[in-house]
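# Results of the structural survey
Listed here are the chains, written in short residue letters.
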Amino acid sequence: MADCNVLCLLHLPDQHCIVAGCEDGSIKLHYLEGHPASAAVDAVQLPTVLAGHEGKVTGLAALPGGLVLSCSEDRSLRVWDLRTMKQLHVSAEVAGDVAERCMLCRHCTLGKAGSMLQHLL
């Protein structure tokens, strides 16, 4: 994570990782001790970068099932599956004040994040 300017962090103890939202629009994962990839020297290298945002990633929230919600200054909200390292959903050009939505994303509880996800899908 040293190669990006980190704007927000999300600790996911169940996945043994820290997720960082970066100024360059990327989302980077750092696997912690206890994650299967950190134990074996000969393990297959897992992807550690999620790409898709075109602006600074300003908020991250954990969702059930190993999903992460991200928001960005590009006015999009995205849902990522950390098990497959794939983007599942994007809501581009979110209406309203993006700063307000990013604050909601950054500080949302599981209930608020679930409601937001249902609204987006």
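Now for a look at the structure at hand. Computed from a predicted model, the values in this text were never measured in an experiment.

## What to know about the overall build of the protein chain
- Each helix and strand counted, the protein chain has 3 helices and 8 strands in total.
- Helices and strands appear in the protein chain in the N-to-C order β-β-β-α-β-β-β-β-β-α-α.
- Looking at the protein chain residue by residue over its 121 residues, the buried ones come to 43%.
- Across the protein chain, every contact between residues at least 6 apart in sequence was considered, and the portion connecting residues at least 24 apart equals 37%.
- Working note: accessible area of the protein chain is about 6,800 Å², and carbon and sulfur atoms make up 54% of it.

## So, the pattern of salt bridges
- The tally for this structure, following the rule as stated, stands at 3 salt bridges.
- When the shortest N-O distance is used, the salt bridge between Arg78 and Asp74 registers 3.9 Å.
- Owing to a relative accessible area of 10%, Arg78 belongs among the buried residues under this scheme.

## Structural notes on the nonpolar core
- Judged by nonpolar contacts, the single largest core of 15 residues is most densely connected at Val19, Leu29, Leu60 and Leu82.
- Secondary-structure elements contributing two or more residues to this core are strand E1 (6-12), strand E2 (17-22), strand E3 (27-31) and strand E5 (57-63).
- Ranked by size, the runner-up nonpolar core spans 7 residues in total, among them Leu63, Leu69, Leu77 and Val79.

Reading the values: rules and limits
- Residues numbered from 1 in each chain as written.
- Predicted model: local features only at pLDDT ≥ 70, side-chain atom pairs only at ≥ 80, totals over all residues.
- Heavy atoms only, no water.
- Helix = DSSP H or I, 4+ residues; strand = E, 2+ residues; numbered from the N terminus.
- Buried < 20%, exposed > 50% of the residue type's maximum accessible area, 1.4 Å probe, protein only.
- Contact = heavy atoms within 4.5 Å.
- Areas by Shrake-Rupley, 256 points an atom, 1.4 Å probe, with all protein chains shown as cover.
- Salt bridge = Lys/Arg side-chain N within 4 Å of Asp/Glu carboxyl O.
- Core = buried A, V, L, I, M, F, W, Y, C linked by side-chain atoms within 4.5 Å.

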